[in-house]
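Commentary on secondary and tertiary structure
Spelled out, the chains give:
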Amino acid sequence: MTRYHGSCFCGAVRFEAECDLSQGTSRCNCRFCRKMRYWEIRLPDPASFRLVAGRDHLAETPRSQDDGLDMHHWFCATCGTRLWTEGNLSEIGGHFVMVCINALDDASEAELIAAPVHHADGARDAWADPAPETRHL
Ligand SMILES: [Zn+2]
């Protein structure tokens, strides 16, 4: 387990989080993830997430199709960097935090290249299933 430091492009928002990139990351082919180019990792312990700076700069993507899910996608309102997703879904075991890998400052290129990626088939509401095509994600 590594304690990573994350931030947005302009540096207004900074956070820390513990995860192990070798344990797997995820991308998804749903409409939202395609727009946002999401690449995330779920923290084994959501309590390891700590916002260090920039609470006033945070903005949340409005959920245009309100499906009633407790899920919040945070980004920096100043520079637009996607930062993390948090929420509470019983389907995946309750409270979760998923950090955007693009925001991790001290993950090495070698770690990123080696990190396994699960491409979820969210476009068909089948997140546990592999997406049939991944080259465009
Ligand atoms: Zn920023």
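Up top you'll find the structure we're talking about.
Criteria and cut-off values
- Residues numbered from 1 in each chain as written.
- Predicted model: local features only at pLDDT ≥ 70, side-chain atom pairs only at ≥ 80, totals over all residues.
- Helix = DSSP H or I, 4+ residues; strand = E, 2+ residues; numbered from the N terminus.
- Rg over C-alpha atoms; globule rule 2.2 N^0.38 Å.
- Buried ≥ 20, exposed ≤ 12 C-beta atoms within 10 Å, placed from the backbone.
- Contact = placed C-beta atoms within 7 Å.
- Pairing = 2+ DSSP bridges.
- Axes fitted to C-alpha atoms, helices over the stretch in contact; angles between N-to-C directions.
- Core = buried A, V, L, I, M, F, W, Y, C linked by C-beta atoms within 7 Å.

Now for the overall build of the protein. What the protein contains, in helices and strands, is two helices and eleven strands. Reading the protein from its N end, one meets helices and strands in the order β-β-β-α-β-β-β-β-β-β-α-β-β. Here the protein has a C-alpha radius of gyration of 14 Å; the compact-globule value for 137 residues is 14 Å, and the two agree. Judged by the C-alpha coordinates and their principal axes, the protein covers about 35 × 35 × 30 Å. Buried residues in the protein amount to 23% of all 137 residues. Counted over contacts in the protein with a minimum sequence separation of 6, partners at least 24 positions apart contribute 54%.

Our next topic: the sheet that holds strand β1 (residues 2-7). The strand order across the open sheet formed by three strands is β1-β2-β5, and the pairing between neighbours is antiparallel. With partners counted over all chains shown, the strands left at the sheet margins are β1 and β5 (50-53), one partner each. If you compare each strand with its neighbour and ignore which way they point, the axes differ by 30° on average. Alignment of strand β2 (residues 14-19) against β5, held across three bridges, turns out to be antiparallel. For Phe15, the partnering residue across the bridge sits in β5 and is Leu51.

With that settled, consider the nonpolar core. Ranked by internal contacts, the top residues of the largest apolar core, which has 25 residues, are Ala17, Cys19, Leu83, Trp84, Val99, Cys100 and Ala103. For this core, the elements supplying multiple residues, two or more each, are β2, β7 (70-76), β8 (82-89) and β9 (94-100). At four residues, β9 tops the list of elements feeding residues into this core.

Take the pairing of β7 next. The pairing of strand β6 (residues 58-60) with β7 spans three bridges and is antiparallel. In the strand pairing of β7, Ala59 is matched with Phe75. As defined by bridge partners, β7 adjoins β8 across six bridges and the pair is classed as antiparallel. By the bridge assignment for β8, Met71 is matched with Gly87. Hairpin connection between β7 and β8: a loop of five residues separates the two successive antiparallel strands, and Gly80 in this loop has a positive phi of roughly 90°.

Note that Glu18 resides in strand β2. If we ignore the near neighbours within four places in the chain, the residues touching Glu18 are Met1, Thr2, Arg3, Leu43, Asp45 and Ser48.

For Met1, the location among the structural elements is in the segment before β1. Note on Met1: 11 C-beta atoms within 10 Å, which makes it exposed.

For Arg37, which is not a glycine, the phi torsion comes out positive at approximately 55°. Within the secondary structure, Arg37 sits in the loop between α1 (31-36) and β4 (40-42). By C-beta crowding, Arg37 is classed as exposed, having 11 other C-beta atoms within 10 Å. Positive phi outside glycine occurs at Asp125, with the angle close to 55°. If you trace the backbone, Asp125 turns up in the loop between β10 (117-121) and β11 (126-130). Take Asp125: there are 8 C-beta atoms within 10 Å of it, and that puts it in the exposed class.

That is the geometry; function is a separate question.
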